[in-house]
Amino acid sequence: MPAIELSGRRIIVAVTGGIAAYKACELVSTLVKSGAQVRVVMTESARRFVSEMTFATLSGHEVAWDMWAPRTNVEHISLAEFAEVCVIAPATANVIAKCAHGIADDLLSTCLLALTCPVVIAPAMNTRMLCSAPVQANLATLRERGVHVVEPEEGRLACGETGAGRLPATEVLVEAVRDALRSRRGAMSGMRILITAGPTREAIDPVRFLSNPSSGRMGYELAAEAQRRGADVTLVSGPTSLPRPEGVAVVAVQSAEQMHEAVQERAGVVDLFIGAAAVADWRPAEAATEKMKKGDREEMTLRMVRTPDIIASVAQWQPRPTIVGFAAETNETIAHAREKLQRKGMDMIVANDVSEPGAGFEVETNRVTLIDVIGRETDLPLMSKAEVAAAILDRAGALIASRESQ
Ligand code: PMT
């Protein structure tokens, strides 16, 4: 089985009010040392056992616990969108009951209800509480829903009794996090995903073309991550120098018209379409069949015509897939992205200010804002394109699930 890298993974560590809360410090520290991005969420009772200052220092981020703190974002939702996995350690009988029954009365429980990522629960409490019928029934409900429950260890408990109920060692919890991430990998199993990537080349003559600096990296990372999650992926790629992602079917094209044709051939057999390609909006009306000669001309004019709008044509398909597009902008990024989302009939748009350092064309990182059709906006930090791809697929997966449930 392939090892799961923790580096760059976005992990929520939820700490609830039990004596084992102090052990969560080592968990946070270990995850951070492995390169993970960790956010800690605490309940009010957990703050009585360990100071939030400890977790803020270990994670390098403010700790979330106060539902009513003044802020500009909706914290429980943005945390839920951030997470690739959430581990509740230690999990008290109270939080287990809230999870099982959908009770949302503080920051942590509202966040848990909004999560779409895998959840790991590590119960820790007195043996008799653990073995009680309600706790066992709640744990059984959670297991049925696919929550990863880490078996508590046996030993001497804080109350002086001996039995099951101890929070397992940090290594066991970290392994449970890896298992949960591994399970997410099959999350797109059976899904048919079509992705466009790279630039297009619009011929002027046999040796000249109009193009743009897209390296294809963003689209290739999306294809590789979707393949890792078990999807059946086709990548329609403009010219790039990138290696073909393993297990992905690649259709190589040059021009916007060829990309359009390759995409249209798959009409009706796609569940998710992602347009990451930087497609030319215009092409020369006629491409010369032979190399154009300068002659003694000082000027030359190219007559340009529109290329087909690939993503807008996908929005006309029946059945229509879930559609994710990009907006590469240099000013008023969010406003332009919102307008494209509506005009082209997408479900989500990835707003990409390509004038920002470290974002957009050619570089290995990107900073984007995800905007969906119901107006939710999520600002992601500067991340590697692989991490951005994972975040886009998380959100796209949630959109597909919500379309299916309607
Ligand atoms: O390839 P990289 O070097 O990694 O760079 C990544 C990227 C900057 C190319 C990528 O992040 C990105 O922003 N891709 C979209 C670029 C673009 O063409 O944006 P746009 O705002 O012009 O187009 C809006 C959307 O319509 C895009 O999803 C585009 O694929 C699609 N489109 C555009 C024109 C057209 N004729 N047909 C289309 O489908």
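Just above, that's the structure.
A quick note: this is a predicted structure, and the numbers were derived from the prediction, not measured.

(A) Focus on the nonpolar core. Counting residues in hydrophobic clusters, the biggest one holds 34 residues, and the most contacted among them are Ile11, Val13, Val15, Leu31 and Phe55. Going through the elements one at a time, β1 (10-15), α1 (23-33), β2 (37-42), β3 (85-91), β4 (119-123) and α9 (170-185) are the ones with two or more residues in this core. Broken down by element, this core gets its largest block of residues, six residues, from α9. When residues no more than four places from it in sequence are discounted, the contact partners of phenylalanine 55 are Val15, Ala21, Ala24, Cys25, Val28, Val40, Met42, Val50, Gly60, His61 and Val63. Counting residues in hydrophobic clusters, the runner-up holds 33 residues, among them Ile193, Ala226, Val350 and Val388.

(B) Geometry of the side chain of serine 255. Looking at where serine 255 falls in the secondary structure, it is placed in the loop between β12 (249-252) and α11 (256-264). The class of serine 255 is buried, set by a relative accessible area of 13%. There is a polar contact of 3.1 Å between the side chain of serine 255 and the backbone nitrogen of glutamine 258.

(C) Molecular detail of the sheet that holds strand β13 (residues 272-275). One open sheet accounts for eight strands, arranged β12-β11-β8-β13-β16-β17-β19-β20; its pairing is mixed. Looking at which strands have only one partner, the edges of the open sheet turn out to be β12 and β20 (377-379). Across the sheet, the axes of successive neighbouring strands diverge by a mean angle of 15°, strand direction being ignored. As paired strands, strand β8 (residues 192-197) and β13 are joined by four bridges and run parallel to one another. Bridged to isoleucine 195 within β13 is isoleucine 274.

(D) Representation of α9 within the structure. With 16 residues, α9 should reach 22 Å at 1.5 Å per residue; the first-to-last C-alpha distance of 23 Å fits that figure. What α9 keeps buried is the set Thr170, Leu173, Val174, Ala176, Val177, Ala180, Leu181 and Arg184. The arc that holds the buried residues of α9, viewed along the axis, is 155°, so those residues lie on one side.

The rules behind the values
Residues numbered from 1 in each chain as written. Predicted model: local features only at pLDDT ≥ 70, side-chain atom pairs only at ≥ 80, totals over all residues. Heavy atoms only, no water. Core = buried A, V, L, I, M, F, W, Y, C linked by side-chain atoms within 4.5 Å. Buried < 20%, exposed > 50% of the residue type's maximum accessible area, 1.4 Å probe, protein only. Helix = DSSP H or I, 4+ residues; strand = E, 2+ residues; numbered from the N terminus. Contact = heavy atoms within 4.5 Å. Polar contact = N/O pair within 3.5 Å; in protein donor to acceptor, adjacent residues only side chain to side chain. Pairing = 2+ DSSP bridges. Axes fitted to C-alpha atoms, helices over the stretch in contact; angles between N-to-C directions. Expected span 1.5 Å × (residues − 1). Arc of directions from axis to C-beta.

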